[in-house]
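Okay, here's what each chain looks like letter by letter:
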Amino acid sequence: MENSFDPQENLFLPKYFSTKAIAAFFLALIGTNLVFFHTMLPFQWMIFAIIEAVGFFYFTQQLSKRWRWSSVKRFEKRLFTTSLILHAIWVIFAYFFYIQMSGQPFEFAAADSHGYVATGLQFANTIRNGQFFSIFGDQHMDVSDMGFPLWLSFLDLTVGPSLIVQRLIHAIFSALTAVLLYRLTTRNFGESAGRLAGIMFMLLPNFYFYVGIHLKETMMIFLVVAFANSADQLLRGSKLQVKSLLLSISILLLFFLFRTALGITAIFALLTALVFSKGQSIKKWGKRIIIAVWVMAAIGVFLSARMANEIDELYQYSNTNQSTSMKWRATEQGGNPYAKYGTMALFVPMILTLPFPTFTLANEEQQNQMMFSGGYFDRNVYSFFVIVALFLLLKRQQWREHLFIITFFGTYLLIIAKSAFAVSERFHLPAVPFLLAMAAYGMTQTGKKERKLYVPFLVLIVFVVIGWNWFKLAGRGMG
């Protein structure tokens, strides 16, 4: 049914939540810069931050209200078209903005982007020479870094090496991701939550950043949501759908060409859901066994000795790299001596809310973080609704019906919390679509009891943000 809404739900994001979030943002931004006025956030980044935070909350509230009665077909068309237009505008703006600011159409302090572009061109030339399979014999490149250069080589061979054209194509995939997330969330949490999730994905500033540069995150997030949507259909279907099964396995294997941790997470989430999920569609053990055998057989074929070694290295690295990395960050030039105190025990309780925004000029090299600080604050706020959603699912004993989503983002974030990237926004991104789905559900279900906790939570966030910026400054002798 296109317009079958639960009358007990919030059919859109109530204005109460959006206005309070915007007010908290200004308190955090102004408060931080008043306390640390000698290292104020540069004016241009303040403008960016204001647009990112105000625009996200204001338009999430407005569009979720205006579009709530549109038919499913019309809503998907609006979501895709609006998302594509907004992302395309950003791609064009960012291209010339970066040239104006740094003399090249890449993000500030670009490193990986240059490497991906160069490797993509190299792969394209290799393919032209009829030596495609020799690419995988390159011992100097990890398997988990080959996916995006291979994709860029395909673009180089088809549409040409133009950076702006390739980024516009990525904008199309980002718009498609918004639609897929809407479908996934609707299937799990209902129409109202689905629309909120799609709209939030369309508006979230973090995704704009990666569409406008040449890093793998945009395509990786598309694959994550496409896999989740297909796997969820598979898990909820009354019959074994061969098409969904093959698509899920194909995308799952691609994960290992983008990020090993994603592949491991996807396998674990899928198998966990197969075994423990509750619902009419997967009660038959025969279906579970068939899918599990398919998945394990495909993985067994794909995992060469080199891939197995890389997964083993990831596991070994996760046990040692956090302390090593934090010590390195504490001693590097421009680093923060206090970083050595960052541990898993500290990061895990905050992993749904991390990272916090940089609202001061703590490190002049972190222009990207300052430029998108408003997007970081958006994450800090919508994490409240993720927590509400998890609490309500546990309280209502409905968590097993959504075990695939919960296991996916929960496992991935725990891996990140145990790694050197616990406070790195870039490495959190694969979990963000699922967090948005959970946040959307929380927004539709938040009642009077939960609403009472919202303002205290925002007050806490404001103080934590100010404290985070003190930490960054004090560690560099500027606090």
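Residues numbered from 1 in each chain as written. Predicted model: local features only at pLDDT ≥ 70, side-chain atom pairs only at ≥ 80, totals over all residues. Heavy atoms only, no water.

What follows is about the overall build of the chain. The secondary structure content of the chain amounts to 21 helices and zero strands. The buried share of the chain, taken over its 479 residues, is 57%. Summarising the internal contacts of the chain: among those between residues at least 6 apart in sequence, 79% fall at separations of at least 24. Carbon and sulfur atoms make up 66% of the accessible area of the chain, which totals about 20,700 Å². (Helix = DSSP H or I, 4+ residues; strand = E, 2+ residues; numbered from the N terminus. Buried < 20%, exposed > 50% of the residue type's maximum accessible area, 1.4 Å probe, protein only. Contact = heavy atoms within 4.5 Å. Areas by Shrake-Rupley, 256 points an atom, 1.4 Å probe, with all protein chains shown as cover.)

Here Q62 shows up in helix α2 (residues 43–66). Side-chain polar atoms of Q62 contact the side chain of Q61, separated by 2.9 Å. (Polar contact = N/O pair within 3.5 Å; in protein donor to acceptor, adjacent residues only side chain to side chain.)

Here the focus is unusual backbone geometry. Peptide bonds are mostly trans, and most non-glycine residues show a negative phi. Here L354 and P355 are connected by a cis peptide whose omega angle stands at -5°. Examined against the element boundaries, P355 turns out to sit in the loop between α14 (344–347) and α15 (367–371). Phi angles above zero are rare outside glycine, and A109 is one such case at about 55°. Along the chain, the position of A109 falls in the loop between α3 (72–102) and α4 (112–128). For A109, a relative accessible area of 68% puts it in the exposed group. Within the chain, Q397 stands out as a residue other than glycine whose phi angle is a positive 55°.

Overall, the coordinates contain eight salt bridges when judged by the stated rule. The partner of R187 in a salt bridge is D232, and the shortest N-O contact between them spans 2.9 Å. A residue pair is termed long-range when its members are at least 10 positions apart, and R187 in helix α6 (residues 163–189) and D232 in helix α9 (residues 217–236) qualify at 45 residues. For R187, a relative accessible area of 27% translates into the label partly exposed. (Salt bridge = Lys/Arg side-chain N within 4 Å of Asp/Glu carboxyl O.)

What follows concerns the packing of α2 against helix α16 (residues 373–395). Between α2 and α16, whose axes approach to 7 Å, the crossing angle comes to 35°. The segment α2 lies against α16, with A49, E52, A53, F56 and F57 engaging S373, G374, G375, D378, V381 and Y382. Of the residues assigned to the contact of α2 with α16, the class counts are six nonpolar, three polar and two charged. (Axes fitted to C-alpha atoms, helices over the stretch in contact; angles between N-to-C directions. Nonpolar A, V, L, I, M, F, W, Y, C, P; charged D, E, K, R; others polar.)

Now for the packing of aromatic side chains. This structure, assessed with the given rule, holds 43 aromatic pairs. Relative to F93, the ring of W90 lies with its centre 5.5 Å away and its plane at 45°, an arrangement referred to as tilted. In this pair, W90 and F93 are both assigned in helix α3, three residues apart and thus about one turn of the helix distant. Put simply, the rings of W45, F48, W90, F93, F97, Y98, F108, F209, Y210 and F372 pair up and form one aromatic cluster. In this arrangement the basic side chain of R451 is found over the ring face of Y16, its NZ or CZ atom lying 4.6 Å from the centre. (Phe/Tyr/Trp six-rings, centres within 6.5 Å; stacked < 30°, edge-to-face > 60°. Lys NZ or Arg CZ within 6 Å of the ring centre and 35° of its normal.)

For L458, the position within the fold is in helix α21 (residues 454–474). Expressed as a C-alpha distance, the spacing of L458 and A23, which sit 435 residues apart in the sequence, is 9.3 Å. Apart from residues no more than four positions distant in its own chain, L458 is found in contact with K20, A21, A24 and V381.

Taken together, the side chains of I92, F96, I99 and L168 define a hydrophobic patch exposed on the protein surface, amounting to about 330 Å² of accessible area. Looking at where I92 falls in the secondary structure, it is placed in helix α3. Exposure remark for I92: the relative accessible area of 40% places this residue in the partly exposed category. (Patch = residues over 30% accessible without salt bridge, like charges linked within 9 Å, V, L, I, M, F, W, Y side chains within 5 Å.)

Attention now moves to the nonpolar core. Ranked by internal contacts, the top residues of the largest apolar core, which has 142 residues, are Y382, F404 and F409. Among the elements that make up this core, the one with the highest residue count is α9 (13 residues). When neighbours within four sequence positions are excluded, Y382 is seen to be in contact with F56, L204, V432, L435, L436, A439 and M443. Counting nine residues, the second largest nonpolar core, distinct from the first, contains A110, V117, I164 and A171. (Core = buried A, V, L, I, M, F, W, Y, C linked by side-chain atoms within 4.5 Å.)

Between α6 and helix α19 (residues 432–445), the least distance of the axes is 10 Å, while the angle of their chain directions is 45°. Between α6 and α19, the angle is such that the two are oblique. In the packing of α6 onto α19, the handedness of the crossing is right-handed. Across the interface between the two elements, L181, L184, T185 and F189 from α6 touch P433, F434, L436, A437, M438 and Y441 from α19. Within the contact of α6 with α19, the residues separate by chemical class into nine nonpolar, one polar and no charged. (Parallel < 35°, antiparallel > 145°, perpendicular 65-115°, else oblique. Left-handed = near helix turned anticlockwise from the far one by under 90°.)

On to helix α1 (residues 15–35), then. Relative to the 30 Å expected for 21 residues at 1.5 Å per residue, α1 spans 30 Å between its end C-alpha atoms, a close match to the ideal helical length. Where the residues of α1 are buried, they touch α2, α16, α20 (448–451) and α21. (Expected span 1.5 Å × (residues − 1).)

What follows is about the confidence of the model for the chain. Counting all residues, the mean pLDDT for the chain is 87, and 83% of those residues have values of 70 or more. Long-range and interchain partners of residues 320–331, a stretch whose pLDDT sits below 50, account for 29 contacts in this model, where long-range means more than four residues apart. Contacts for the low-pLDDT stretch residues 338–342, under 50 throughout, to residues beyond four places or in other chains number 15 contacts. (pLDDT = per-residue confidence, 0-100.)

Next up on the list: the environment of S250. Residue placement: S250 occurs in helix α10 (residues 242–255). The partly exposed category is assigned to S250, whose relative accessible area is 42%. The spacing of S250 and V295 is 45 residues in sequence and 9.8 Å in space, taken between C-alpha atoms.

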